[in-house]
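Observations on the model geometry
Each chain, written out:
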Amino acid sequence: MLTAYIDFKCAGSLLAIDPILALSRDVGFAIQWRAFSTLERDIPDTGASADIIESHRATRARSRKALDQKYARMRGRDLIYPAVQKTADLALGALSQISGDPLAFISAAYDAYWNDHSDLDDPETVQSLLRRCGIDHSCNWDETRLAFAAAQSQAEEAGIVDAPAFVIDDQLFIGRQHLPWIEEIAREKCSRQ
């Protein structure tokens, strides 16, 4: 089994979904989806008065976004960042409470954030996505937020610091760049069974 920590507002998490699903199909292992809220920052404005640190931070952020957009285009997807980064904690909380296969909700939440720039911290938006996926969420939204805060703390205590993050065979990997290594471990583990 592979445990995958994702965040709907994290482009790296979005770009990891298809390779994870392909690997799961090819190797034949289950994925345990976990929600993790990352700190996504807007590109800082750098004017003539910007110091070297601000300028460097802005350059790095623009480069990261351009690279994510390039990888998205290679997969036939447009990746348009929202004008202002929004939180997705309520949708992540809902994900952490779904029993059964959450893949339809994961897909709907990513589409809502990246295509429609929907507010995934709005109860009406999240409830609409859950209904569209045929998922009954009768829990109180305050309870959802509390449950997600507890899940976030547990993930942080386990060493998760960013998304996507993966745990396989008791090994922790942070970032989608580790997917080839994860694939190697998964194939080796499945061949032993």
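Residues numbered from 1 in each chain as written. Predicted model: local features only at pLDDT ≥ 70, side-chain atom pairs only at ≥ 80, totals over all residues. Heavy atoms only, no water.

**Considering the overall build of the protein chain**
In plain terms, the rule: Where helices and strands are cited, they refer to DSSP runs of H or I of at least four residues and of E of at least two residues respectively, numbered from the N terminus. The atom set for the radius of gyration is the C-alpha atoms, and the globule formula is 2.2 Å times the number of residues raised to the power 0.38. Two residues qualify as a contact provided that any one of their heavy atoms is within 4.5 Å of a heavy atom in the partner residue. The method behind every accessible area is Shrake-Rupley, applied with a 1.4 Å probe, and residues are considered shielded solely by the protein chains displayed.
Scanning the protein chain from terminus to terminus reveals seven helices and four strands. Put simply, the protein chain runs from its N terminus to its C terminus through helices and strands in the order β-α-β-α-α-α-α-α-β-β-α. Relative to the globule expectation of 16 Å for 193 residues, the C-alpha radius of gyration of the protein chain, 17 Å, shows essentially globular dimensions. Counting only C-alpha atoms, the protein chain reaches 60 × 40 × 35 Å along its principal axes. When contacts within the protein chain are restricted to residue pairs at least 6 apart in sequence, long-range pairs at least 24 apart make up 69% of them. Roughly 10600 Å² of accessible area belongs to the protein chain as shown, and the carbon and sulfur atoms make up 47% of that amount.

**Side note on the nonpolar core**
Which entries qualify depends on this criterion: Only buried residues count toward a nonpolar core, which is a set of Ala, Val, Leu, Ile, Met, Phe, Trp, Tyr and Cys residues joined through side-chain atoms within 4.5 Å. We call a residue buried when its accessible area falls under 20% of the maximum for its residue type, exposed when it is over 50%, and partly exposed in between, using a 1.4 Å probe and counting protein chains only.
Phe8, Ile20, Trp33, Phe105, Leu120 and Phe166 are the most contacted members of the largest nonpolar core, which totals 49 residues. With nine residues, helix H1 (residues 11–27) is the largest single contributor of residues to this core. Beyond its immediate stretch of four places on either side in the chain, Leu120 contacts Phe8, Thr87, Ala88, Asp89, Leu90, Ala91, Ala109, Ala112, Tyr113, Thr125, Val126 and Leu129. The next biggest cluster of nonpolar side chains, apart from the first, holds six residues, and it includes Tyr5, Ile160, Ala163 and Ala165.

**Concerning the packing of aromatic side chains**
Definition in use: Here a Phe, Tyr or Trp ring, Trp counted by its six-membered ring, pairs with any other such ring whose centre lies within 6.5 Å, and the pair is stacked when the planes are under 30 degrees apart, edge-to-face when over 60, and tilted otherwise.
Considering all chains together, one arrives at four aromatic pairs under this definition. Seen from their ring centres, Phe8 and Phe105 are 5.9 Å apart, and the 85° between their planes marks the pair as edge-to-face. Of the two residues, Phe8 sits in the loop between strand E1 (2–6) and H1 while Phe105 sits in helix H4 (residues 103–114), which places them 97 residues apart along the sequence. For Phe8, a relative accessible area of 0% translates into the label buried. Here the aromatic rings of Tyr113 and Trp114 are separated by 5.2 Å at their centres, their planes lie at 70°, and the arrangement is edge-to-face. Residue Tyr113 is classed as buried on the basis of its relative accessible area of 1%. Residue class for Trp114 comes out buried when judged on its relative accessible area of 2%. Three or more aromatic residues joined by ring pairs make a cluster, and in this case those are Phe8, Phe105 and Tyr110.

**Here's the deal with the sheet that holds strand E2 (residues 31–35)**
For clarity, the threshold we go by: Strands were regarded as paired on the criterion that DSSP finds at least two bridges between them. Fitted lines through C-alpha atoms give the axes, limited to the stretch in contact for helices. The angle between two N-to-C directions lies from 0 to 180 degrees.
In spatial order, the strands read E2-E1-E3-E4; together these four strands make up an open sheet with mixed pairing. The outermost strands of the open sheet, each flanked by one partner alone, are E2 and strand E4 (171–174). Within this sheet the neighbouring strands show an average axis-to-axis angle of 20°, counted without direction.

**Quick look at the pattern of salt bridges**
Where side chains of opposite charge bring their charged atoms close, a pairing between them can arise. Filter applied, for reference: Any Lys or Arg side-chain nitrogen found within 4 Å of a carboxyl oxygen on Asp or Glu counts as a salt bridge.
This structure, assessed with the given rule, holds five salt bridges. Where Lys9 meets Asp7, a salt bridge forms, and the shortest distance between an N and an O atom there is 2.6 Å. An identical accessibility class is assigned to Lys9 and Asp7; each is buried. In this structure, Lys189 engages Asp169 in a salt bridge whose closest nitrogen and oxygen atoms are separated by 3.3 Å. On the criterion of sequence distance, the pair formed by Lys189 in helix H7 (residues 179–192) and Asp169 in the loop between strand E3 (165–168) and E4 is long-range, its members being 20 residues apart. In this structure, a network of salt bridges that share partners links the residues Asp26, Glu183 and Arg187.

**Thoughts on the environment of Asn115**
Inspection of the secondary structure puts Asn115 in the loop between H4 and helix H5 (123–132). Taking the C-alpha atoms as reference points, Asn115 and Arg77, separated by 38 residues in sequence, lie 9.9 Å from one another.

**What to know about unusual backbone geometry**
In most cases, non-glycine residues show a negative phi, while peptide bonds are predominantly trans. Here the bond from Ala163 into Pro164 is cis, since omega is 0°, no more than 30 degrees from zero. Take Pro164: it is sitting in the loop between helix H6 (141–157) and E3. Non-glycine residue Asp170 carries a positive phi angle of around 65°. With respect to the helices and strands, the residue Asp170 is situated in the loop between E3 and E4. On the basis of relative accessible area, Asp170 is assigned to the exposed category, the value being 78%.

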